[in-house]
Amino acid sequence: MASCQAPRSVQKGKQDSGEGPLCWEDYFDRRQIVTVPEGEFAVYRAGVGGVVLLLLHGGGLASQSWALFAREAASRIPNSSVVAVDFRGHGATSAAPEDDLSKETLCADLLAVTATLQEAEEWKAVHLVGHSMGGAIAVHLAATCKLPRLASLTVVDVVEGSALDAVRHMNDFLKARPVSFPSLDAGIEWVLSTRQLRNRGSARVSVPSQLVETTAESGRKSWRWRVDLAASEPHWAGWFEGLSATFLAQAIPKLLILAGITTLDKDLTIGQMQGKFQLEVLERVGHCVHEDAPAKVVEIIAKFVDRVAGQKKRIPADTRQ
């Protein structure tokens, strides 16, 4: 099981105006380890309301990628709470095999974890939000129709066509990035210098969760990537194939947030014109939209959640599914 302790160089209480790593405790109220037959899953919580934002991170990232978003959302969305889950093979979760990142396995993991949480808590409404790979898994999870009280689906910066195109170049990207870093600070600076993240405040808490400390035989310490993304290659296409049609088929309010102008495929273009989902496009952000512009993404989702709640109130009780 991954350690529940923050890296030694992470100091709780640092402000975003600094340079070094930040601890998850500055953004989430608590972390709990949920034990299910599939493994031990790290779940990060903020807020205590019954309106639950279930957050799914992207491939290679961890729940800390939602840190700035979580802190803002817990105070911005009335009666809400944030539940962010580390996928198997990611962050502080321990589940074997770690490289089984198929959509079927990831959905089964999430259903087991959320069922355990809901046994002890009253979730009045679940608003499912996923970024990149997590966005694709959110769509497939919604399609199982097994997540109780699912009220809406939000997908952040993943579109089937462009995602499948990106997958073809993923190995080149992985080969080009450093294998390890001499320090967490060096990892943070590399991510910022390559513009994978544009928000230093988010990088300071998100990047450390993507790295683990290792010690060579010489005693030299370094930080390597927590996730071996190359090992999950057999599952890449499965995350995204058929994503547009599956997304459009969900009979719940849907929101798609994109970074810049992204070409929608034919199905999404027609669906958007028919009003089947809400589309929001943010400029001057990178792929990790919610990290680069957390306040703006919270604003969009807060209004969306409020609209969904208003629609539900207007539907007569005997016509609700």
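Notes on the structure in this doc start here. (Residues numbered from 1 in each chain as written. Predicted model: local features only at pLDDT ≥ 70, side-chain atom pairs only at ≥ 80, totals over all residues. Heavy atoms only, no water.)

Counting its secondary structure elements, the chain contains twelve helices and eleven strands. The C-alpha radius of gyration of the chain comes to 19 Å, within 12% of the 20 Å expected for a compact globule of 321 residues. Along the three orthogonal principal directions, the C-alpha set of the chain runs to about 70 × 40 × 40 Å. The buried share of the chain, taken over its 321 residues, is 54%. The long-range share in the chain, meaning contacts at least 24 apart out of those at least 6 apart in sequence, stands at 69%. Counting every atom, the chain has about 14400 Å² of accessible surface; 50% of that belongs to carbon and sulfur. (Helix = DSSP H or I, 4+ residues; strand = E, 2+ residues; numbered from the N terminus. Rg over C-alpha atoms; globule rule 2.2 N^0.38 Å. Buried < 20%, exposed > 50% of the residue type's maximum accessible area, 1.4 Å probe, protein only. Contact = heavy atoms within 4.5 Å. Areas by Shrake-Rupley, 256 points an atom, 1.4 Å probe, with all protein chains shown as cover.)

Moving on, we come to helix H6 (residues 184–193). Of all the residues in H6, the buried ones are Leu184, Gly187, Ile188, Trp190, Val191 and Leu192. Where H6 is buried, its residues touch strand E7 (180–181), helix H7 (200–206), strand E8 (211–215) and strand E9 (221–225). Looking at the residues trailing H6, positive phi occurs at Arg195, about 65°.

Attention now goes to the packing of aromatic side chains. Applying the stated criterion across every chain, the model contains eight aromatic pairs. Measuring from centroid to centroid gives 5.4 Å for Phe247 and Phe277, while their planes differ by 70°, and the two rings are edge-to-face. You can see Phe247 sitting in helix H9 (residues 243–249) and its partner Phe277 sitting in the loop between helix H10 (266–273) and strand E11 (278–282), a full 30 residues away along the chain. The pair formed by Phe247 and Phe277 is uniform in burial state, with each residue classed as buried. In this structure an aromatic cluster arises from ring pairing among Trp24, Phe28 and Tyr44. (Phe/Tyr/Trp six-rings, centres within 6.5 Å; stacked < 30°, edge-to-face > 60°.)

Looking at helix H8 (residues 233–240), one finds that the buried residues are His235, Trp236, Trp239 and Phe240. Projected down its long axis, H8 shows its buried positions confined to an angular sector of 125°, all on one face. Contacts made by the buried residues of H8 are with helix H2 (103–120), helix H3 (133–143), helix H4 (160–167), helix H5 (170–176) and H9. At the C-terminal side of H8, Gly242 shows a positive phi close to 75°. (Arc of directions from axis to C-beta.)

This brings us to the state of the cysteines. Per the stated rule, a full pass over the model turns up zero disulfides. In this structure Cys145 is a free cysteine whose sulfur lies 11 Å from that of Cys107, the closest cysteine sulfur available. Taking relative accessible area as the criterion, Cys145 reaches 70% and is therefore assigned exposed. (Disulfide = S-S within 2.5 Å.)

Looking along a regular strand, one sees side chains alternate from face to face of the sheet. In terms of burial, strand E3 (residues 51–56) is largely enclosed, as six of its six residues are buried. Residues of E3 alternate between two faces, with Val51, Leu53 and Leu55 on one and Val52, Leu54 and Leu56 on the opposite face, all of them buried. Here E3 pairs with strand E4 (residues 80–85) via six bridges, running parallel. Directly across from Val51, in E4, lies its bridge partner Ser80. Once the chain exits E3 it traverses helix H1 (residues 67–76) before rejoining the sheet at E4, and the crossover so formed is right-handed. As paired elements, E3 and strand E5 (residues 125–131) share six bridges and run parallel to each other. Across the sheet, residue Leu55 finds its bridge partner in E5, namely Val129. (Pairing = 2+ DSSP bridges. Right-handed = clockwise from strand over helix to strand, strands pointing away.)

Let's shift gears to the pairing of E11. Sheet topology places strand E10 (residues 254–259) next to E11; five bridges connect them, and they run parallel. Counterpart to Leu255 in the pairing with E11 is Gln278. Where the polypeptide runs from E10 across H10 and back to E11, its parallel neighbour, the crossover connection is right-handed.

The interhelical angle for the contact between H4 and H8, taken along N-to-C directions, is 165°, at an axis separation of 9 Å. With respect to each other, H4 and H8 are oriented roughly antiparallel. The two elements H4 and H8 meet at a crossing, and its hand is left-handed. Judged by residue contacts, Glu160, Ala163, Leu164 and Val167 of H4 engage Trp236, Ala237 and Phe240 from H8. Grouping the constituent residues of the contact of H4 with H8 by class yields six nonpolar, no polar and one charged. (Axes fitted to C-alpha atoms, helices over the stretch in contact; angles between N-to-C directions. Parallel < 35°, antiparallel > 145°, perpendicular 65-115°, else oblique. Left-handed = near helix turned anticlockwise from the far one by under 90°. Nonpolar A, V, L, I, M, F, W, Y, C, P; charged D, E, K, R; others polar.)

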